[in-house]
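Examination of the molecular architecture
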Amino acid sequence: MDKYKRLFSNTLIFALGTFSSKLLSFFLTRLYTELLTQGQYGVTDMLQQSGNLLLPLITLGITNAVVRFGLDKGVRKSDVFTTGLISLFGGMIFLLLITPLLAGIPLISDYTWLLCLFVFTSSLRSLCAQFVRAQNRVKLFAVDGIFSTLTTILFNILFLVVWKFGVVGYMFSIICADLCSVVFLTIAAGLTRFIQVKSLDFSVMKSMLKYAVPLIPNTVLWWITNVSDRYIVSWACGQSYTGLYAAAYKIPSLVILMSGIFMDAWQISAVTEEEDRNRFYTKVTSLYTAFLFAMASGVILVTRIVPRFLFAESYYVAWRYIPLLTVTVVFTCLVNFLGSIYMVEKKSVRSLLTALLSAVINVVLNLLWIPKYGVNGAAAATLVCYLVVFVVRLVDTRRYIRIEWQFHRLVLCTGIVLLQTALILYEVPLWILWEIVLFAVMMLLCGRDLLAGVKHLLKR
């Protein structure tokens, strides 16, 4: 199959599985904001983010290695999956040992047991799902996404609507859905046949850990970049503002959702396609960048409209944080895209160094700007750090893949979304008219690449 067609095909398949579950989370925001107070919603967000921090630490970042080594044709699949399981269960023993320390953290002290369950089920589901994806069984991966969506709806109804368990019900619905997914994937993919401890090739385990371990601080540092602002917002502004910030992030997350679908497919193509890589990356980058900015411009345009339907009335004020967060996620996606080059080249140390730079800038700016500017200070700090890292990675990755960027369009598109943000936040007279005009300009700038990409794929 042609490499562009394969990328497009895999993207569509991943979309079927990923889009349903992520879109569900987006539309369930109304339910969550109706049933949970701003403080409770802030707590659930803190628990999930704390779990996301613990995941790479507990599993030694092994899921990253499962994807990368699972795609290598010369590596036995049983060695990859068995190494993943051993690392995961070893990490869970360690987690149980440090539970008393977690219980001393004020924000999560009342839910430590729930956090441990969440980490275990999430890591196990991630291992199974990523192993299936590394086997190129993208259709099964997509079906699991749809199945997970259905079970999440069921458990949300049970634990939140019927039994009204609040924070516990929210977290427990995720835990139960993850467990159902693990059982489904184990049966459908016959994962038990890949568990072969006695015949494990320890050289593969060593190589996987050598690749994965440097990514642990990398993941932690990106967590600091993405989540430290919520802790500082909670400290400087109060827990209710953390809930508003988490709700506001749901709308820009549409951009990350669409990007994530593409990135799932792209990681496979980036590793497996070896011919004429510079040209391949350049074409894909041009289309990807056009799509990101066009979508971000559209999201900013409807910033005042969508929250009226998506949020409960008490959460509507969160619209003020959406525009700047939307610009931020564009550069988050571009940084992640460039990170795929480090993954292909197995340059995890260089990925780590750029993550360190991002974390340092973010924490310093958060401490300076959040007490002064509030929640939008957090969004601005994250935007600046991602802009800096994007430039650094853009320069650094050219030693591996020479992507020909359209810098004039990149600068112009960035200026447009920032101008849209300023217009809507300061409510300039006739701002809605200016927003429509700027969106139209954005579509003119990006439309040619978007249409060319669609025509090329349809022709193939």
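Residues numbered from 1 in each chain as written. Predicted model: local features only at pLDDT ≥ 70, side-chain atom pairs only at ≥ 80, totals over all residues. Heavy atoms only, no water.

Concerning the packing of aromatic side chains
Condition: Within 6.5 Å between ring centres, the rings of Phe, Tyr and Trp (the latter by its six-membered ring) count as paired, and their orientation is classed by plane angle as stacked under 30 degrees, edge-to-face over 60, tilted in between. The way it works is that DSSP assigns letters per residue, a run of H or I at least four long becomes a helix, a run of E at least two long becomes a strand, and they are numbered from the N terminus. Throughout this description, buried means an accessible area under 20% of the type-specific maximum (1.4 Å probe, protein chains only), exposed means over 50%, and partly exposed covers the range between.
Tallying each qualifying case throughout the model produces 19 aromatic pairs. Ring geometry for F69 versus Y211: centroids 5.9 Å apart, planes at 75 degrees, classification edge-to-face. Taken as a pair, F69 in helix α4 (residues 62-70) and Y211 in helix α10 (residues 202-212) lie far apart in primary sequence, 142 residues in all. The exposure class of Y211 is buried, given its relative accessible area of 8%. Between W222 and Y386, the ring centres sit 5.5 Å apart and the planes meet at 5 degrees, which makes this aromatic pair stacked.

Considering the nonpolar core
Test applied: What makes a nonpolar core is a set of buried Ala, Val, Leu, Ile, Met, Phe, Trp, Tyr and Cys residues whose side-chain atoms join them at distances within 4.5 Å. For this analysis, residues touch if any pair of their heavy atoms sits within 4.5 Å.
In this structure, L95, L191, F293, L334 and F390 are the most contacted members of the largest nonpolar core, which totals 131 residues. For L95, the residues in contact, after removing those within four places along its chain, are L54, I58, L102, C116 and V119. If you look at the next biggest cluster of nonpolar residues, it comprises five residues, including L53, I216, W223 and V227.

Section: a nonpolar patch on the surface
Test applied: Patch membership requires more than 30% relative accessible area and the absence of a salt bridge. Residues of like charge join within 9 Å; the nonpolar side chains Val, Leu, Ile, Met, Phe, Trp and Tyr join within 5 Å. All accessibility values rest on the Shrake-Rupley procedure with a 1.4 Å probe; residue burial counts only the protein chains present in the view. Each salt bridge in this description consists of a side-chain nitrogen of Lys or Arg and a carboxyl oxygen of Asp or Glu lying within 4 Å of one another.
Nonpolar side chains collect at one region of the surface, where L35, I146, L150, I153, I157, V161, V162, W163 and F165 lie side by side and expose about 790 Å² of accessible area between them. Per-element tally for the nonpolar patch: the top contributor is helix α8 (residues 138-162), with six residues. On the secondary structure map, W163 appears in the loop between α8 and α9 (166-188). According to the relative accessible area criterion, W163 is partly exposed, its value standing at 45%.

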